[in-house]
Amino acid sequence: MSEKFDCIVVGAGPAGISCAHELAKGGAKVLLLERGEYPGSKNVMGGVLYRKMMEDVVPDFWKEAPLERPIVEQRFMMMDKESAVTVGYKGMEWGKEPYNNFTVLRAKFDQWFAEKAVQQGAVLICETVVLECIVENGKVVGVRTDRPNGEVYADVVVLADGVNSLLAQSLGFHKEYKPDEVALATMEILKLDKGVIEDRFNLEDNQGCTIELFGDATKGILGTGFLYTNKDTLSIGVGTLLSGLIKHKIKPYELLEYVKNHPMIRPYIQGSEPQEYLAHLIPEGGFNSMGRIVGDGVIVIGDASQLVNAIHREGSNLAMTSGRLAAETILTAKAAGDFTENMLGLYRTRLMSGFVGQDMQKYKDSTHHFDKFPQYFDEYIPMMNRAMSQMFTVDGTSKWDKQKKIWKDLGGTKEKMKLARDMYRAWRVIK
Ligand code: FAD
């Protein structure tokens, strides 16, 4: 038998790194295993990094982390084929320390973050695939890797292996996810001159903007697109439920090309050069798709346990918080010398009573609701665009007559009842 650790963490994404960092800081002997050549080499995100949850692990990280831009503006575009209704918020307070959120490129950021865990004392080994958990008498006691004599043992194994978590699945913690429980996102990183980015997005140095795209960005399929500013690149992407792509027979890269060529988006990216093309799954089944997250000697964190809030495009922050809470629980278990499911269940209690569990429960029906009623994206967003176009066109018609026309265009009593019912239903699933 090879060396034994207090804890083995599988996967060096935000969840796994946070967990390893906090465990090592608390004096535990931790092994962090990553299949990629380096942390971040396999990882994909839009990506907005949330300051608060990162700061809970590395205080004042913004002073040294490889961040792209602090976000000072968030816009939301409700797109039709040749128009868009845009709302947003820009605030100078977000451009000052300690900032609010940042854009990041995961390949750079994860490497830096993992190095922080190593500085705390975690052992990081890359280019190592964990093939399975070693289970003895119903308890997880270690992992088997693809290295020669690749068995490693520990009191606790933390599965932070991301959305597909084949390891949690093989333990029977969750079933294979169905196409309506995961989204497929494709994105590109486009090289563009820093000054051009700042002119086009109305930014100054060290200011960033995010634009979320709804409606025609996904050809009316449930999902969203995004366009984010980095230092001298743009991140553009689109993600929809796999079931939507299958149903509409659309290939993900076709959707990305469609967004890039959309008249509302094209002017922002004109003249840019593709630098990277990325694709990744996002767990979007929500609370109802979460499987077991604790067993004897094992805890599941981050995307591996479906912790994504799709409505608010939050994932990395839930991953980091789950990693930190798992570490706190394991340190308590270590002090008690008890690594049973009963003891480790403290993690579930802490997770579900905090913002992560509460938000997961708040939006538990949202994905399936919006998937079941596609009219929100393919009927109501175009309707909103037509109404705005009519209202803002100055053509000698009185505003009262315009309002009457917009009301009439909503349809007869039956259509208006349906619209009112849908708005009420939407309010109920996100309230
Ligand atoms: P991951 O980041 O997926 O990390 C899992 C790690 O485990 C990887 O490094 C992987 O290589 C490794 N691994 C997997 N299997 C094994 C194995 N068997 N052995 C060893 N290593 C293994 N979230 C946000 O907060 N903001 C955003 O703007 C945002 N935008 C997104 C845009 C896109 C296109 C996508 C795909 C996701 C986005 N998310 C965003 C979600 C966010 O990326 C995830 O929620 C977050 O990365 C989850 O972190 P994690 O550590 O759980 O998993």
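Residues numbered from 1 in each chain as written. Predicted model: local features only at pLDDT ≥ 70, side-chain atom pairs only at ≥ 80, totals over all residues. Heavy atoms only, no water.

1. Regarding the domain arrangement of the chain
How big an interface is tends to be expressed through the accessible area that disappears when the partners come together. So the rule is basically this: The domain limits used here are those given by an automatic or database domain assignment. Any pair of residues with heavy atoms lying within 4.5 Å of one another is described as a contacting pair. Accessible area that two parts lose when put together, with a 1.4 Å probe and added across both, is what the buried area reports. A carboxyl oxygen of Asp or Glu within 4 Å of a side-chain nitrogen of Lys or Arg is what we treat as a salt bridge. We call two N or O atoms a polar contact when they sit within 3.5 Å, provided that within protein one can donate a hydrogen and the other can accept it, with sequence-adjacent residues counted only if both atoms are side-chain atoms. Residue polarity follows a fixed list, in which Ala, Val, Leu, Ile, Met, Phe, Trp, Tyr, Cys and Pro are nonpolar, Asp, Glu, Lys and Arg are charged, and the others, Gly among them, are polar.
Each assigned domain of the chain is listed here: domain 1 (4–68 + 104–176 + 288–353), domain 2 (182–283) and domain 3 (368–430). Residue-level contacts link 15 residues of domain 1 with 18 residues of domain 2. Each partner contributes to the roughly 1,400 Å² buried at the junction of domain 1 and domain 2, and carbon and sulfur atoms together form 63% of this total. Put simply, domain 1 and domain 2 have one salt bridge between them. Across the pair Glu212 and Arg313 runs a salt bridge, and its minimum N-O distance is 2.8 Å. Applying the counting criterion to the domain 1 and domain 2 interface returns five residue pairs in polar contact (both at pLDDT 80 or more). Split into classes, the residues belonging to the side of domain 1 that touches domain 2 amount to seven nonpolar, four polar and four charged.

2. Here we look at the pairing of strand 2 (residues 30–33)
The cut-off we apply is this: Each residue is placed in one exposure class: buried if its accessible area under a 1.4 Å probe, protein chains only, is under 20% of its type's maximum, exposed if it is over 50%, and partly exposed if it falls in between. By the criteria applied, helices consist of DSSP H or I runs no shorter than four residues and strands consist of E runs no shorter than two, each listed in order from the N terminus. With its strands directed away from the observer, a crossover is right-handed exactly when the path from the first strand over the helix to the second travels clockwise. Strands qualify as paired when DSSP identifies two bridges or more between them.
Of the two faces of strand 2, the one carrying Val30 and Leu32 and the one carrying Leu31 and Leu33 are both buried. You can see the chain leave strand 1 (residues 4–10), run along helix 1 (residues 14–25) and come back into strand 2, and the turn it takes is right-handed. For strand 2 and strand 7 (residues 123–125), the ladder comprises three bridges, and the chain directions are parallel. Its bridge partner being in strand 7, Leu32 is matched across the sheet by Leu124.

3. A closer look at empty space enclosed by the protein
The criterion, for reference: Points on a 1 Å grid over protein atoms alone make up a cavity when a 1.4 Å probe fits among them but cannot get out, and a pocket when they form an open set with protein on both sides within 12 Å along at least five of seven lines; lining residues each have an atom within 4 Å of a point. Grid points are joined across faces, edges and corners, and a volume is the space filled by probe spheres set on the points.
Across all of its chains, the model carries one cavity of 30 Å³ or more by this definition. Its boundaries defined by the atoms lining it, the largest cavity holds a volume of some 110 Å³. Of all elements in the fold, only helix 11 (355–362) and helix 12 (366–372) reach the threshold of two or more residues within the lining of the largest cavity. Split by residue class, the lining of the largest cavity holds six nonpolar, five polar and three charged.

4. Quick word on the sheet that holds strand 14 (residues 233–241)
In plain terms, the rule: Every angle, taken between N-to-C directions, lies between 0 and 180 degrees, and every axis is a line fitted to C-alpha atoms, over only the stretch in contact when it is a helix.
A sheet is described by the order of its strands in space; here seven strands give the open sequence 5-4-12-13-14-11-15, paired in mixed fashion. Both outer strands of the open sheet, strand 5 (84–90) and strand 15 (273–283), are each paired with one neighbouring strand and no more. Strand-to-strand twist of the sheet, defined as the mean angle between neighbouring strand axes without regard to direction, takes the value 15°. Of the strands in this sheet, strand 4 (71–79), strand 5, strand 12 (208–215) and strand 13 (223–229) touch helix 13 (residues 375–392), which is tilted by about 100° from strand 4.

5. What about the environment of Ala304?
Tracing the backbone shows Ala304 in the loop between strand 17 (298–300) and helix 9 (316–336). Of the residues examined, Ala304 reaches a relative accessible area of 1% and is grouped as buried. C-alpha of Ala304 to C-alpha of Asn202: the two residues are 102 residues apart in sequence and 38 Å apart in space. Residues within four places of Ala304 in sequence aside, it is in contact with Leu159, Asp161, Gly162, Val163, Ser165, His174 and Tyr177.

6. Here we look at the packing of aromatic side chains
Just so we agree on the cut-off: In this analysis, rings of Phe, Tyr and Trp, with Trp reduced to its six-membered ring, are considered paired at centre separations within 6.5 Å, and the interplanar angle assigns stacked below 30 degrees, edge-to-face beyond 60, and tilted for intermediate values. Counting as a charge over the ring demands two things of the Lys NZ or Arg CZ atom: a distance within 6 Å of the ring centre and an angle within 35 degrees of the ring normal.
As enumerated under the stated definition, the model contains 13 aromatic pairs in all. Geometrically, the ring pair formed by Phe370 and Tyr376 is edge-to-face, given 5.0 Å between the ring centres and 80° between the ring planes. Comparing Phe370 with Tyr376, the two get one shared label, buried. Against the face of Trp427 rests Lys431, its NZ or CZ located 5.9 Å from the ring centre.

7. Examining the layout of surface pockets
In this structure, the second largest pocket encloses a volume near 250 Å³. What lines the second largest pocket is a set of 20 residues, and nearest its centre among them are Leu105, Arg106, Ala107, Ile189 and Glu276. Elements represented by at least two residues in the lining of the second largest pocket include exactly helix 3 (106–120), strand 11 (182–191) and strand 15. In terms of residue class, the lining of the second largest pocket is made up of eight nonpolar, five polar and seven charged. Taken domain by domain, the makeup of the lining of the second largest pocket includes at least three residues from each of domain 1 (4–68 + 104–176 + 288–353) and domain 2 (182–283).

8. Description of helix 11
The following threshold applies: Comment: arc refers to directions from the helix axis out to C-beta atoms.
Of the residues making up helix 11, those classed as buried are Val356, Gly357 and Met360. Within helix 11, the buried residues cover an arc of 95° as seen down the axis, which keeps them to one side. Elements that come into contact with the buried residues of helix 11 comprise helix 9 and helix 10 (341–353).

9. Here we look at helix 1
The following threshold applies: Expected helix span is given by 1.5 Å per residue-to-residue step, counting one fewer step than there are residues.
Taking 1.5 Å of rise per residue, 12 residues should cover 16 Å, and helix 1 covers 16 Å from first to last C-alpha, within 8% of that figure. Burial analysis of helix 1 places 11 of its 12 residues in the buried class, the great majority of the element. For helix 1, every residue scored as buried is listed here: Pro14, Ala15, Gly16, Ile17, Ser18, Cys19, Ala20, His21, Glu22, Leu23 and Ala24. Positive backbone phi, approximately 95°, marks Gly27, located one or two places after helix 1.

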